[in-house]
Amino acid sequence: MQYGHFDNAAREYVIDRVDLPVSWTNYIGLKDMLGVFNHTAGGYLLYKSPEYHRITRFRPNGVPMDFPGHYIYLRDDEDGDYWSVSWQPVGKPKEHYSCRHGLSYVKYLCDYNGIDASQTLFVAMDDPVEIWDLRLRNSSGRPRTLSVFSYLEFSFHHIAMDNQNFQMSLYAAGSRYEDGIIEHDLYYEENGFQFFTGNFTPDGYDCLRDSFIGPYRTERNPFVVESGACSGSFEKGGNHCGCLKKTLTLLPGEECRLLFLLGEGSIDAGKQMRDKYTCEKADEDFRRIAAYWDEKLSSLQIETPNEGMNTEINLWNLYQSEINVMFSRFTSFIEVGGRTGLGYRDTAQDAMMVIHSNPDKCRSRLIELMRALTSEGFGLHLFEPRWFDPEAKKEKTFRSPTVIPTPDKSQIITGLKDVCADDALWLVSSVVQYIKETGETDFADLMVTYADEGSGTVYEHLKKILDFSARQTGQNGICKGLRADWNDCLNLGGGESAMVSFLHLWALQNFCELAYALGRTEDAEHYRQIAENVRQVTQDVLWDGGWFLRGITADNRKIGTHSDTEGKVHMESNTWAVISGAATAEQGRLAMDSVDSYLYTEYGLMLNAPCYTKVDDGIGFVTRVYPGLKENGAIFSHPNPWAWVAEALLGRGDRAMKFYNALCPPLQNDRIEIRQAEPYSYCQFVVGRDHTAFGRARHPFMTGSSGWAYFAATQYLLGIRPSFEGLIIDPCIPHDWKEFRVSRKWRGCTYEIHVLNPDGVEKGVRSITADGKPVSALPLMASGSICHAEVIMGRGDNT
Ligand code: GLC
């Protein structure tokens, strides 16, 4: 069953049936003002911080779902009938509504009662101003008098203030109206203002939520809309809203357009922005948003026989991965912004995936992470970049109950008990990837402070990370699991994590490549030796016959063995054994065969199987999670692409694509009654086989699966990846693919790559030509140039 379709030409997903089982969300804003909205205009807007500067309020996990939002009500002043452009909150018959999720905008459409209406939400390119672009057309064949009412609910900025201690917060915010502009003011803050205005002279307004809604009513039937008259409310204290009313008469066929502007700043800022954001300027910004994405998307486009993959890679997968880097992970309807700043491991991985399309943002994320590394070599699991940013430290602070706290170092750096063993290891490979992609070798020598004391170059930071993991080994010589490794619910403490040792090995190898490329041979040799020792110990300790162990508890019990009845086979250790190169080819094949036979389902690979049902605190919290959900045997999406990489490295393209397709969101579009979640986004997990809701996807957008899916598909399945020597072409594809094309920008040159597969192989390159000349990898070329490459796959690999 479908609820909508992909309109790839318009770069939109169209929701034809708006009565979805769950909210389908999208993101607006590209810089400091950001918002997340669903298919019925429910959602919220924020400025810079989801935790400390919410502009509009959202009641997460509530009923009715996804309230409130940024709504437009239309009222027929002849008979008093009213509806909303985005279906909710009024909720007239659903067949009159649709929604188009585009890149950094959402468009709601309705054709109710002879009026065609659309409302588009997006954020201006250069100013913190959200634009609501409302267009109306009278298609009823008779003159109509309509009243338009906007509605949004202001927030008390801080998530905590918005949710607790109302004896204080209810008296902290005020509102007023002047010259067509509503001003909201969080009085405690020095610059706690927002404005809400429009490109028209309002016929009425309300600034107080409770006056607009009326007692014992909801957004579904607000008193002001029902009665047709605003009350002109405002006050110092209370809950505030943005309602502007405009009454219009539309002749048959007549059209009209109103812009509403919600922005940061007081009435004065509102006046300036109203002068600036005319319809022409709004159109220009809308085009600039499209151009912004044109530029990003053009960094890599593909044409393959797999339509689901084309839709993902050419559009939605890149979009989702970019959103993760921009918004970090704490802005959604699930992650509602109450957690501090950045998650170390998530950000370190996200920042590796879109360097080709967003090098600046990735670079600044890498620096933020580097600053949150301690001089001992571990990263701070959750941190606010502001704490370590020398520029932010210079900003004026003032005393008030809502001032954003900067904790003492002693509260931030609490020692090993809070360290996740994998966090900083990801950063090593991300930095190396950044340099391979951009060629900015000087980045290695950039001086960056440590979170606790002192400073060092980026290169030195990386060495500290590798040395930390080398020191943190347990009784069998495998890296300790500490508070957790990638799996938040595997809490091994002093026990050992196979995944972390494999990750360590991968990081060591990436670092050695960098060290050689920089001519630092002594370091390269030193770390090469450590890598060899790690490889040896993993071989000695972790191979269990058909697959690799997941770890060893502090009391020396093996996890993930043949003799286990629960948690027998795990994704993380087996995929990373292959990716890190620790596994021999034979072990790799056997391990991934076990992954296929124990973990594969039609919706993707489960994280482990069989699920845990007996509590075992030596293993961790995973044994206290319901079977089939989250880390206990769900199809946890994030590690799925690791399996694609592993299979690609083993040369098994058919298997890799089978795994890819099972998880690929667009390929789920006709089973939404099972999936429920949006088919244009990877979700954090899909419920696993051991649960009654098998196949149901949850937690869209904010997930590392997106970046990894993009990285694995483009760099390992299609096999196009930058190296210090050139652009490597090493595809691993299904045997029945005859050809595919990729257009890939690398360091300013566009490579138009045509791969042919005359022998029907899954892997192996017979020849590569760049502009007609035989090469083994595509060479670096002048910026602005176009290189035409032809690649013939086949037996007899010459690369
Ligand atoms: C969530 C966390 C991520 C973790 C994963 C597995 O996605 O954000 O950090 O690796 O769960 O536990």
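Residues numbered from 1 in each chain as written. Predicted model: local features only at pLDDT ≥ 70, side-chain atom pairs only at ≥ 80, totals over all residues. Heavy atoms only, no water.

Engineer: Whenever I open this one, the pairing of strand 2 (residues 12–15) confuses me. Can you help?
Structural biologist: Residues in a regular strand point their side chains to alternate faces of the sheet. Neither face of strand 2 is open: one carries E12 and V14, the other Y13 and I15, and all of them are buried. In this sheet, strand 2 lies alongside strand 1 (residues 4–7) in antiparallel orientation, the contact comprising four bridges. Residue pairing across strands places H5 opposite V14, the latter belonging to strand 2. Here strand 1 folds back onto strand 2, and the loop between the two strands holds four residues, one of which, R11, carries a positive phi near 55°. One ladder, built from three bridges, connects strand 2 with strand 9 (residues 97–102); its direction is antiparallel. Following the sheet pairing, V14 is matched in strand 9 by R100. (Buried < 20%, exposed > 50% of the residue type's maximum accessible area, 1.4 Å probe, protein only. Helix = DSSP H or I, 4+ residues; strand = E, 2+ residues; numbered from the N terminus. Pairing = 2+ DSSP bridges.)

Engineer: Hey, could you run me through the site of the ligand in this one?
Structural biologist: Around the ligand lies a shell formed by R329, R345, D346, W486, N487, D488, E631, F636 and Q684. At 2.9 Å from an oxygen atom of the ligand is found a main-chain nitrogen or oxygen belonging to D488. In this structure, an oxygen atom belonging to the ligand sits 2.4 Å away from a side-chain N or O atom of E631. Coverage of the ligand by the protein chains reaches 90% of its 310 Å² of free accessible surface. Tallied by class, the residues present in the shell around the ligand amount to two nonpolar, two polar and five charged. (Near = heavy atom within 4 Å. Polar contact = N/O pair within 3.5 Å; in protein donor to acceptor, adjacent residues only side chain to side chain. Areas by Shrake-Rupley, 256 points an atom, 1.4 Å probe, with all protein chains shown as cover. Nonpolar A, V, L, I, M, F, W, Y, C, P; charged D, E, K, R; others polar.)

Engineer: Sorry, what's going on with the nonpolar core here?
Structural biologist: Soluble globular proteins tend to pack their nonpolar side chains together in the buried interior. Ranked by size, the top nonpolar core spans 249 residues in total, and within it L136, F260, M309, W426, W576, Y660 and I753 carry the most contacts. Ranked by the residues each element gives to this core, the list is headed by helix 14 (residues 498–517), at 13 residues. I753 has contacts with I720, I729, F740, R741, V742, R744, L778, A789 and V791, leaving out every residue within four places of it along the chain. Among the nonpolar cores identified, the runner-up in size contains eight residues, and C489, Y612, V622 and V625 belong to it. (Core = buried A, V, L, I, M, F, W, Y, C linked by side-chain atoms within 4.5 Å. Contact = heavy atoms within 4.5 Å.)

Engineer: For this particular structure, what's the right way to read the sheet that holds strand 35 (residues 683–686)?
Structural biologist: In a beta sheet, neighbouring strands are held together by backbone hydrogen bonds and run either parallel or antiparallel to one another. Pairing is antiparallel in the open sheet, where three strands are placed in the order 34-35-36. Edge strands, defined here as strands with exactly one partner in the open sheet, are strand 34 (635–636) and strand 36 (697–700).

Engineer: Explain the sheet that holds strand 41 (residues 765–770) here, please?
Structural biologist: An order of 21-39-40-43-41-42 is seen for the six strands of this open sheet, with the pairing classed as mixed. The open sheet has two edge strands, strand 21 (300–303) and strand 42 (773–775), and neither has a second partner. Adjacent strand axes in the sheet meet at a mean angle of 20°, parallel and antiparallel pairs treated alike. Relative to strand 40 (residues 749–756), strand 39 (residues 739–746) runs antiparallel, the two being bridged by eight bridges. Across the sheet, the residue bridging to F740 is V755, located in strand 40. (Axes fitted to C-alpha atoms, helices over the stretch in contact; angles between N-to-C directions.)

Engineer: I would appreciate a short explanation of the packing of aromatic side chains in the present structure.
Structural biologist: We describe a pair of aromatic rings using the distance from one ring centre to the other and the angle between the two ring planes. If you walk through the whole model with that rule in mind, you get 53 aromatic pairs. When the ring of F6 is compared with that of Y13, the centres are 4.8 Å apart and the planes differ by 85°; the resulting orientation is edge-to-face. Here the two residues F6 and Y13 agree in accessibility, since each one is buried. Connected via pairs of aromatic rings, a cluster forms that spans Y3, F6, Y13, W24, Y27, Y292, W293, W316, Y319, F327, Y680 and F701. (Phe/Tyr/Trp six-rings, centres within 6.5 Å; stacked < 30°, edge-to-face > 60°.)

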